[in-house]
Amino acid sequence: MLASYKRSLRAAFVVVFCVAISFRVVAQSNSGSISGTVVDPSGAVLANATVEFHNAVSHFDRSTTTDSAGRFSVPNVPFNPYHLSVTGAGFAPYAQDVEVRSVVPLEVKISLKVLGSTESVTVEAGGDLVENDPTFHTDVDKDLFDKLPLESASSSLSSLVTLTTPGIAADSNGLFHGLGDHAENSFSVDGQPITDQQSKVFSNQIPLESIQSMEVISGAPPAEYGGKTSVVIVATTRSGQGVTTPHGSVTTSYGSFGTSNVQADLAYGGAKWGNFISVGGLNSGRFLDPPEFVVMHDKGNEENLFDRVDYQFSSKDSMHVNLGFTRSWFQTPNSFDSELATPWNGVVVANGGLDPNGNLVAPSDQRSQIKTFNIAPSWTRLINPTTVFTLGAFVRRDGYNYYPSANPFADLGAPGLQSETVSQRRTLTNVGLRSDVSYVKGINNVKVGATYEQTFLNEKDPFGIVDPTFNSPCLDANGLPVFVGNPGVNDPSQCPTATTINPVLYPAPFIANANFNPLLGCYDLTRTTPSPNDGCPTSTSGLYTFNGHTDVKELALYVQDNITKGNWALNLGLRGDFYNGLTTHREAEPRLGVAYNVKRTNTVLRVSYARTMESPFNENLVLSSIGCANPVLNPLLACTGSSTNPFSPGWRNEFHAGIQQAFGKYVVFSGEYIWKYTHNAYDFSVLGATPITFPIEWANSKIPGYAGRVSVPNLHGFTGLVVFSSVAARFFTPQIGGAGAVPSASGPFRIDHDEKFNLTGHVQYQPWKIGPWIGFNWRYDSGLVAGPAPCAGGNCANGPAGTDTVVDTSGLSADQQAAAGLFCGSIRPTLPSPGNPVGIPLSSSLGTNLCPASQYGSSLLQIPAPGAENDDHNPPRVAPRNLFDVSVGDDNLFKGDHYKWSLTLTAINVTNKLALYNFLSTFSGTHYVTPRSLTAQLGFHF
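Here the structure is a predicted model, which is why all the values come from computation and not from measurement.

### Thoughts on the sheet that holds strand E15 (residues 231–237)
Sheet strands pair via backbone hydrogen bonds, and the direction of the pair is either parallel or antiparallel.
Moving on, step 1. In spatial order, the strands read E9-E14-E15-E12-E13; together these 5 strands make up an open sheet with mixed pairing. Here the strands that pair on one side only, and so sit at the sheet edges, are strand E9 (137–141) and strand E13 (192–194). Averaged over all neighbouring strand pairs, the angle between strand axes comes to 20°, with direction disregarded.
Moving on, step 2. By the bridge criterion, 6 bridges tie strand E14 (residues 211–217) to E15 in an arrangement that is antiparallel. In the strand pairing of E15, Ile211 is matched with Thr237.
Moving on, step 3. Packed onto the sheet, helix H3 (residues 156–164) meets E9, strand E12 (185–189), E14 and E15 and runs at close to 50° relative to E14.

Structure, rendered in structure tokens:
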């Protein structure tokens, strides 16, 4: 199998290499070009005229001058409407609206009038604030996001999407949830599809500095997009073509938590070629969002390189290549429990701070390293003035390594967090070919294309049990598992004579555990390494290693036509997806959108429908699909059977209805209502109690909601953006795929990325085009659904005898109770400390970990009232939060012409708000938002 995998991988590299060197052409599929000629009233060409393109909503702004033949050409223009203006010495200004919607080049001819020959200036423009487009989307250009305060330096692209796009629920570590789904998001970078997860705990993102513009599609996706389509981020990278005088910048920054960043980029080229290169490095003492507001064991660094090469061989052929490499290394943040190595079950505390082998247990020291490279060549052929052919190839590889603590017992966490020491080496290699033909003539804008991709997955997970009570052969008199003091006890029959290291904590006599799993005992590091006489494999060394591999093949065929007729715009499309992984699936997916422009009122009305196939997550796909058939993994994954549970792709029907309304020249609103119905809906879970996550599949989901955006393009130096949304993520049992699948269950529930409402407001003020500016962000989140927060009655059922008058918090350690902000009257839990390594949990007159419901509450969670908890309509949630960020800067401190210095000061979470992203999430655990952080950035630009 391994030899076959290597041959397939070599073949994929050969395909990409051949496309890169044998074809003599390419441009990306996310942008077009505008060319034209400027003439005077007599028809003579006009040199040195200034031509400008501007989109008031996305903030795209580009200018050029005509050559001696009166010609101009602007490449790499993202698909959007633009306001074109032309000025020339002695001539009246000229303006018109143009629209770029295809890779087919747009040609315009402009005739200027002599200044003073007429009292009126020829203007054929005015309605560029609204787009007559059936697809709800958000456009953002570099000129906007350069001044936007971003929370995460290590996942700045995700932060940008969260802050500028309606329908996005913010989560920790750069993860965002698009329109009620966990991570059914995809990227299209210069036409290259990327459907695997881009959160910084899974992969490395393309650096934000390499992005020129971004379109985020939140509406019904056009037929060219598939796989994961809740949100499609269409990114156009920066190019050096046409930059005849080299331009670039070098920036460096330093801020809170010792975070330092160095970034450099350079763009240069000519009329027919160009190169843009970006390099950067980041080092931070708070790389990931930790489980405590205080930062412990959270260092990380990242280095990235991006290079884009463009070359036009002839008037018909052009080539484009994207090259990228990123490496990140980071520690897994510690809680107080893991920092003090004080798991509460007594394996360390009750043993005098020593592990069962007599070694001193240091703080947990888990780390990760991710290496990502990407090669994406493409070629474009202009067949005739109305038709363009594009062929591209790509190979992208994520190599993920997870390293455990040197002492495996330092990885033992509080209950529900980690009972195993585990490491992982996982690779995901995605290779593919894409091709399309674009045809634009009259009212039609047709695109026909195909994409074939193959994803090679390899998973290697060695682990061993470090919790002596996880699979103890012995129970105490109350039926609770015990930590016996004889590490050689591997058989329940030995329990009557077994001893314990702490007779007070574990009083004898002991009885046999009828549920003891002897095979798991072979990989229990708390006992003497079992021998074949104990029924263990002869190769047992204390660790069990899971090895998984599969090869996922996907083929997509599509045709779409954007028809414009008068005030009507119609999007018609049909897509076919063929999925062949651990299961096979085929899906025909019609797409339809209609928009009508009421020009008199500057209103666009739109409705759309899409049928989509949702492909399974690839991260740890093999482990999740076949884990229940593995006799060692089966009990760790709480499987109810011993069969495999491979994933089947989901299919979705989604409906959208929206409106876009411009108010004069300064305000535009766009809103959408969404209904999404999915069969086979995805989420994530964890391997046993380790940090290794894997996908799972539920029967279906229903996701209704609304999203909106208000833009203020430019009002006397003020620009503004407000995005908001309310999306319900209702999932329905049973779980039908992935590890731990159960045969049946009942009742819908809110998944832990459901959020009632969120809003982001960004205001920017720059009174002069060249001068200081200030930017301000306000982010409100009503709170994601929390994990198992103790409450009284209802579906909680964790009070004594199931009552709704008392809350039992014994399922959480003192540290977890403090992380949740729990209190009982005036009493709060005490955090662990060197002098008190397990902390002090909540207590009352009723006893330890018991609290009258009338006195119980949380400052960081929304706890349902006694008896009111309902998994569908009233689950526990993270408490609402308001976060404020400010940035102040000057892009030209010394008013230079060719050489400029810039300075930017940024403050994140200005009020130092203590708040959670999530609490005991089944996917990622507990994480706090960034405390107040200050950053100063100095730049040199040329």
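Picking up where we left off.
### A closer look at the packing of aromatic side chains
Moving on, step 1. Counted by the stated rule, this structure contains 26 aromatic pairs.
Moving on, step 2. Judged by centre distance (5.9 Å) and plane angle (65°), the ring pair of Phe617 and Tyr682 falls under edge-to-face. Highlighted residues: Phe617 in the loop between strand E31 (603–614) and helix H6 (621–626) and Tyr682 in strand E33 (residues 667–686), separated in sequence by 65 residues.
Moving on, step 3. Relative accessible area serves as the criterion here: at 1%, Phe617 is assigned to the buried category.
Moving on, step 4. Judged by relative accessible area, Tyr682 falls into the buried class, the value being 4%.
Moving on, step 5. Among the aromatic residues, those joined into a cluster by ring pairs are Phe202, Phe617, Phe647, Tyr682 and Phe684.

### Points about the state of the cysteines
Moving on, step 1. According to the stated counting rule, one finds 3 disulfides in the structure shown.
Moving on, step 2. Here Cys628 engages in a disulfide with Cys639; their sulfurs sit 2.0 Å apart. Given an S-S torsion of about -80°, the disulfide between Cys628 and Cys639 has left-handed geometry. Of this pair, Cys628 sits in the loop between H6 and helix H7 (633–636) while Cys639 sits in the loop between H7 and strand E32 (650–663); the two residues are 11 residues apart in sequence, bridging distant segments of the chain.

### Concerning the sheet that holds strand E4 (residues 71–78)
Moving on, step 1. Read from one edge of the open sheet, 3 strands run E4-E1-E7, paired in mixed fashion. Unpaired on one side and paired on the other, E4 and strand E7 (106–111) mark the two borders of the sheet. Each strand axis lies, on average, 20° off the axis of its neighbour in the sheet, ignoring direction.
Moving on, step 2. Of the pairings in the sheet, the one linking strand E1 (residues 31–39) to E7 comprises 6 bridges and is parallel in character.

### Quick word on the side chain of Thr195
Moving on, step 1. Examined against the element boundaries, Thr195 turns out to sit in the loop between E13 and E14.
Moving on, step 2. Here Thr195 falls in the buried class, since its relative accessible area comes to 13%.
Moving on, step 3. In this structure, Thr195 is in contact with Asn185, Ser186, Gly226 and Lys228, ignoring residues within four places of it in sequence.

### Some details on a nonpolar patch on the surface
Moving on, step 1. Together, Ile774, Val888, Leu893, Phe894, Trp901, Leu903, Leu905 and Leu938 give the surface a local cluster of nonpolar side chains, amounting to about 690 Å² of exposed area.
Moving on, step 2. Looking at the secondary structure, you find Leu903 in strand E49 (residues 900–908).

### Some details on the confidence of the model for the chain
Moving on, step 1. In the predicted model, the chain carries a mean pLDDT of 87, and 90% of its residues have values of at least 70.
Moving on, step 2. Ignoring residues within four places in sequence, the model shows residues 118–126, a span with pLDDT below 50, making 16 contacts including any to other chains.

About the criteria used
- Residues numbered from 1 in each chain as written.
- Predicted model: local features only at pLDDT ≥ 70, side-chain atom pairs only at ≥ 80, totals over all residues.
- Heavy atoms only, no water.
- Pairing = 2+ DSSP bridges.
- Helix = DSSP H or I, 4+ residues; strand = E, 2+ residues; numbered from the N terminus.
- Axes fitted to C-alpha atoms, helices over the stretch in contact; angles between N-to-C directions.
- Contact = heavy atoms within 4.5 Å.
- Phe/Tyr/Trp six-rings, centres within 6.5 Å; stacked < 30°, edge-to-face > 60°.
- Buried < 20%, exposed > 50% of the residue type's maximum accessible area, 1.4 Å probe, protein only.
- Disulfide = S-S within 2.5 Å.
- Patch = residues over 30% accessible without salt bridge, like charges linked within 9 Å, V, L, I, M, F, W, Y side chains within 5 Å.
- Areas by Shrake-Rupley, 256 points an atom, 1.4 Å probe, with all protein chains shown as cover.
- Salt bridge = Lys/Arg side-chain N within 4 Å of Asp/Glu carboxyl O.
- pLDDT = per-residue confidence, 0-100.

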